Amino acid sequence: MDVTLGADEVIERIRKLQSNGETVGKKQVKQSDPELMRNALFYFPSWDHALKNAETY
């Protein structure tokens, strides 16, 4: 698997989606931004963990 984003970039992109009011559900992000999903799952054990880290980062 190609890792194209760093962990900090994953967090920033999640936070940007949230601040824009976009849905950050796993299914929606997997369809709209598969690169973000792949990288998030590389750094975090699950999408939910990535979202929690974005909130507390």
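For clarity, every value in this text was computed on a predicted model and none was experimentally measured.

What counts, and where the lines are drawn
Residues numbered from 1 in each chain as written. Predicted model: local features only at pLDDT ≥ 70, side-chain atom pairs only at ≥ 80, totals over all residues. Heavy atoms only, no water. Helix = DSSP H or I, 4+ residues; strand = E, 2+ residues; numbered from the N terminus. Buried < 20%, exposed > 50% of the residue type's maximum accessible area, 1.4 Å probe, protein only. Contact = heavy atoms within 4.5 Å. Areas by Shrake-Rupley, 256 points an atom, 1.4 Å probe, with all protein chains shown as cover. Lys, Arg positive; Asp, Glu negative; His and termini not counted. Charge placed at Lys NZ, Arg CZ, Asp CG, Glu CD. Salt bridge = Lys/Arg side-chain N within 4 Å of Asp/Glu carboxyl O.

Participant: When you look at the overall build of the chain in this model, what are you seeing that I'm missing?
Facilitator: Check the secondary structure of the chain and you find four helices and zero strands. Counted from the first residue to the last, the chain has its helices and strands arranged as α-α-α-α. For the chain, the spread of C-alpha atoms along the three principal axes comes to 30 × 25 × 15 Å. In the chain, which comprises 57 residues, the share counted as buried stands at 30%. Across the chain, the fraction of contacts at a sequence separation of at least 24, relative to all contacts at a separation of at least 6, is 57%. Carbon and sulfur atoms make up 48% of the accessible area of the chain, which totals about 3,900 Å². Across the chain, the 8 positively charged side chains and the 9 negatively charged ones have centroids separated by 6 Å.

Participant: Where do I start with the pattern of salt bridges in this structure?
Facilitator: With the rule as written, the count across this model stands at three salt bridges. Among the ionic pairs, Arg13 bridges to Glu35, the shortest N-O distance being 3.4 Å. Separated by 22 residues along the polypeptide, Arg13 in helix α1 (residues 7–19) and Glu35 in helix α3 (residues 34–43) bring together distant segments of the chain. Taking relative accessible area as the criterion, Arg13 reaches 26% and is therefore assigned partly exposed. Among the residues examined, Glu35 registers a relative accessible area of 27% and is labelled partly exposed.

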